[in-house]
Amino acid sequence: MKAGHCPAFLYLQYRRNNMSMGWVIFIIVLVLAIIVSNIILLKQSANMKIPDSVVEAMQKKKDREEAEQKQLELEQKKNDKPD
């Protein structure tokens with residue numbers, strides 16, 4: 001046995017390595033569980049139907065933005081014409 005290495009020290013070093021390996025395994029399992037749960041949630045939410053009120057609101061917003069864009073284009077053409 002080397003000087004300074006008593007059996008108690010070796011035992012404590014062994015325990016410390018096993019504890020850190022346990023934490024590593026725990027963290028890996030935790031990360032995998034989070035990833036799998038997010039994938040399952042994403043698959044379930046992809047099959048959900050959007051309520052009609054939300055679809056109507058989105059269509060109104062799109063129509064309003066298109067009208068504003070047309071108005072801006074008309075104003076630009078009006079300003080670009082030389083008098």
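Before reading further, recall that the structure is shown in the block above.
Below or above, wherever it landed, is the structure these notes cover.

What counts as what
Within each chain, residues carry numbers counting from 1 in the order of the written sequence. Restriction of local features to residues with pLDDT of at least 70 applies here, the model being predicted, together with a cutoff of 80 or more for giving and counting side-chain atom pairs; totals for whole chains, interfaces and linings are based on all residues. Neither water nor hydrogens contribute to the side-chain values; these are computed over all heavy atoms in the structure. Starting at the N terminus, helices and strands are each numbered in turn, a helix being any DSSP run of H or I of at least four residues and a strand any DSSP run of E of at least two. Think of it in three bands: residues with accessible area under 20% of the maximum for their type are buried, residues over 50% are exposed, and the middle band is partly exposed, with areas taken using a 1.4 Å probe on protein chains only. Throughout, the Shrake-Rupley method with a 1.4 Å probe supplies accessible areas, and for residues the shown protein chains are the sole cover considered. Here a salt bridge means any side-chain nitrogen of Lys or Arg lying within 4 Å of a carboxyl oxygen belonging to Asp or Glu. Working definition: a ring pair exists when centres of Phe, Tyr or Trp rings (six-membered ring for Trp) sit within 6.5 Å. Plane angles under 30 degrees give stacked, over 60 give edge-to-face, the rest tilted.

Once that is clear, we can look at the overall build of the protein. From N to C terminus, the protein includes two helices and zero strands. For the protein, with 83 residues in total, the buried portion stands at 0%. Total accessible area on the protein is roughly 8300 Å²; 64% of this is exposed by carbon and sulfur atoms.

Below, the discussion takes up the pattern of salt bridges. For the structure shown, the criterion picks out one salt bridge. A salt bridge links Asp-52 to Lys-49; the shortest N-O distance between them is 3.5 Å. Among the residues examined, Asp-52 registers a relative accessible area of 52% and is labelled exposed. Residue Lys-49 is classed as exposed on the basis of its relative accessible area of 67%.

Geometrically, a pair of aromatic rings is defined through the distance of the ring centres and the angle of the planes. Inspection of the entire model under this criterion finds one aromatic pair. Aromatic pair Trp-23 and Phe-26: ring centres 5.8 Å apart, planes at 90°, arrangement edge-to-face. Linking Trp-23 with Phe-26, this pair stays in helix 1 (residues 7–46), spanning three residues, or about one helical turn.

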